[in-house]
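Listed below, chain by chain, are the residues.
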2 protein chains.
Amino acid sequence: MRILGIDPGLRCTGFGVIEASGQRLSYVASGCIRSKETAPLPLRIETLFAGIGTVIATYKPALAAIEKVFVNVNPQSTLLLGQARGAAIAALVAAHLPVAEYTALQIKQAVVGHGKATKEQVAQMVMRLLALPAAPSPDAADALACAICHAHVHISLGALSGRRRAPSTV
Amino acid sequence: MRILGIDPGLRCTGFGVIEASGQRLSYVASGCIRSKETAPLPLRIETLFAGIGTVIATYKPALAAIEKVFVNVNPQSTLLLGQARGAAIAALVAAHLPVAEYTALQIKQAVVGHGKATKEQVAQMVMRLLALPAAPSPDAADALACAICHAHVHISLGALSGRRRAPSTV
């Protein structure tokens, strides 16, 4: 079962792909889709949408999970982040992937064990869980952590119901 | 030259399609893509994305214009509106349409002649410019007004440069 995790952002959208085989998780790929801050918004949205499409076409995940975002102190930043997240979800549903959503708190609890973990602790735990030789970049780490969180929920639900499914997906 | 105007919103995204033949504008279609407020966000984004895709496949516009949105007093509403707008732009660029953006002020100036026009004045002017038998619904009126605004800019630029193009498109 291959899972794609997305950490949305307009400047940089992190992605992480993992393979969940029973309880065992392994790393497939991760990275960041960047768009030029000086480019017009439709072009930035196009870069993000096409970038996620390429990731899906390349790694063929069966499930997707995306981090829920919070409102920023700057309303204009909230609007930009919202637009990036909307385009990212559009790219996932356009590829017919079921999409689950998790808050940063849920992801930290699933990966580190408590909701107050720092970004560094998340990256360290991602490195350990996926047996990586080094800590991934912060954007990739958050996206991989989101995928790991979804794998945990999925495995738990599979164990409970006797089959693999997620309740909050569409 | 067929133009699609979009007035983005998560509850209801208005669309309006017009045909610009020289200085003459005519009505093609308009309506609203609705999503259930109780549905999960990825499903609402999917409804919006697929709905715009259907409009494009049905009416085959050559150009698109979308209204710029403002930050709301409620940051959560700003985030939701941003996500709807991001998904709408994603649907337009996914169909390889060049996308122009206009503020409400620019649209009102182009359609009514001044930036302080009410929603009713915009709807009345849209009805008159497109020779409609009745005023369109508010959501459809704003989307048609956005398309009319883009037609005006496009015609003006065409007259200036001797060919039809828009500078703010991607």
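## Some points on the overall build of chain A
(1) Moving on: When helices and strands are tallied, chain A shows 5 helices and 5 strands.
(2) Moving on: Secondary structure of chain A in N-to-C order comes out as β-β-β-α-β-α-β-α-α-α.
(3) Moving on: Over its C-alpha atoms chain A spans a radius of gyration of 15 Å, differing by no more than 12% from the 15 Å that the globule rule assigns to 170 residues.
(4) Moving on: For chain A, the spread of C-alpha atoms along the three principal axes comes to 45 × 35 × 30 Å.

## Some words on the relation of the copies chain B and chain A
(1) Moving on: Mapping chain B onto chain A calls for a rotation angle of 180° and an axial translation of 0.0 Å; the resulting RMSD is 0.0 Å. Given the turn and translation reported, the copies of this chain are related as if by a two-fold rotation axis.
(2) Moving on: Taken together, the interface assignments show that 100% of the residues at the interface of chain B recur at the interface of chain A, consistent with an identical surface on both copies.

## Examining the sheet that holds strand β2 (residues 12-21) of chain B
Residues and elements named next belong to chain B.
(1) Moving on: With respect to topology, 5 strands assemble into an open sheet ordered β3-β2-β1-β4-β5, the strand pairing being mixed. Either end of the sheet is taken by a strand with one partner, and the two such strands are β3 (24-34) and β5 (99-102). The average undirected angle you get between the axes of adjacent strands in this sheet is 20°.
(2) Moving on: Where β2 and β3 come together, 10 bridges link them in antiparallel fashion. Note on β3: the bridge partner recorded for G16 is S30.
(3) Moving on: Lying on the sheet, helix α2 (residues 75-94) is in contact with β1 (2-7), β4 (63-67) and β5; it crosses β4 at an angle near 175°.

## Observations regarding the confidence of the model for chain A
(1) Moving on: Taken as a whole, chain A shows an average pLDDT of 91; of its residues, 92% reach a score of 70 or greater.
(2) Moving on: Among the prediction metrics, the complex's ipTM stands at 0.89, with pTM recorded as 0.91.

## Things to note about the interface of chain B and chain A
(1) Moving on: Tallying the contact residues gives 25 residues for chain B and 25 residues for chain A.
(2) Moving on: Here chain B packs against chain A, burying approximately 2,200 Å² in sum over the two surfaces, 79% of which is carbon and sulfur.
(3) Moving on: Linking chain B with chain A are 0 salt bridges.
(4) Moving on: There are 4 residue pairs in polar contact (both at pLDDT 80 or more) connecting chain B and chain A.
(5) Moving on: Elements with a contribution of two residues or more to the side of chain B that touches chain A: α1 (41-59), α2 and β5 of chain B.

## Topic: the environment of V28 of chain A
All names here are of chain A.
(1) Moving on: Residue position: V28 is located in strand β3 (residues 24-34).
(2) Moving on: Classification of V28 as partly exposed rests on a relative accessible area of 23%.
(3) Moving on: Each C-alpha atom, one on V28 and one on V122, is 18 Å from the other, the two residues being 94 residues apart in sequence.
(4) Moving on: Setting aside anything within four residues of it in sequence, one finds V28 in contact with R2, V17, I18, E19 and Y59.

## Some thoughts on the sheet that holds strand β1 (residues 2-7) of chain A
Residue and element names in this part refer to chain A.
(1) Moving on: Pairing is mixed in the open sheet, where 5 strands are placed in the order β3-β2-β1-β4-β5. Two strands close off the open sheet at either side, each with one partner strand: β3 and β5 (99-102). Between one strand axis and the next, the sheet turns through 20° on average, direction left out of account.
(2) Moving on: Note that β1 and strand β2 (residues 12-21) share 6 bridges and pair antiparallel. Directly across from I3, in β2, lies its bridge partner I18.

Basis of the calculations
- Numbering of residues starts from 1 in every chain and runs along the sequence as written.
- Chains carry letters and ligands carry numbers; both start at the beginning, A for chains and 1 for ligands, and go up in the order they are written.
- Owing to the predicted nature of the model, reporting of local features is limited to residues with pLDDT of at least 70; listing and counting of side-chain atom pairs is limited to 80 or more, with chain, interface and lining totals taken over all residues.
- To get the side-chain values, take all heavy atoms of the structure and skip hydrogens and water.
- Segments assigned H or I by DSSP are reported as helices when at least four residues long, segments assigned E as strands when at least two residues long, and all are numbered from the N terminus.
- Atoms considered for the radius of gyration are the C-alpha atoms alone. The globule rule reads 2.2 Å times the number of residues to the power 0.38.
- Superposition of the copies was done by least squares, using only C-alpha atoms of residues whose pLDDT is at least 70 in both.
- In this description, contact between two residues means that some pair of their heavy atoms is separated by no more than 4.5 Å.
- A pair of strands is considered paired only if DSSP assigns at least 2 bridges between the two.
- Axis definition: a line fit to C-alpha positions, over the contact stretch in the case of helices; interaxial angles, taken between N-to-C directions, run 0 to 180 degrees.
- Summary of the metric used: pLDDT quantifies the predictor's per-residue confidence within the range 0 to 100.
- What gets called buried area is simply the loss in accessible area from a 1.4 Å probe that two parts show on being joined, summed for both.
- Salt bridge, as used here: a side-chain nitrogen of Lys or Arg that lies within 4 Å of a carboxyl oxygen of Asp or Glu.
- Counting of polar contacts relies on pairs of N or O atoms within 3.5 Å, with two restrictions inside protein: one atom must be capable of donating a hydrogen and the other of accepting it, and residues adjacent in sequence are counted only when both atoms are side-chain atoms.
- Exposed residues in this analysis have more than 50% of their type's maximum accessible area, buried residues have under 20%, and partly exposed residues fall in between, with area computed by a 1.4 Å probe over protein chains only.

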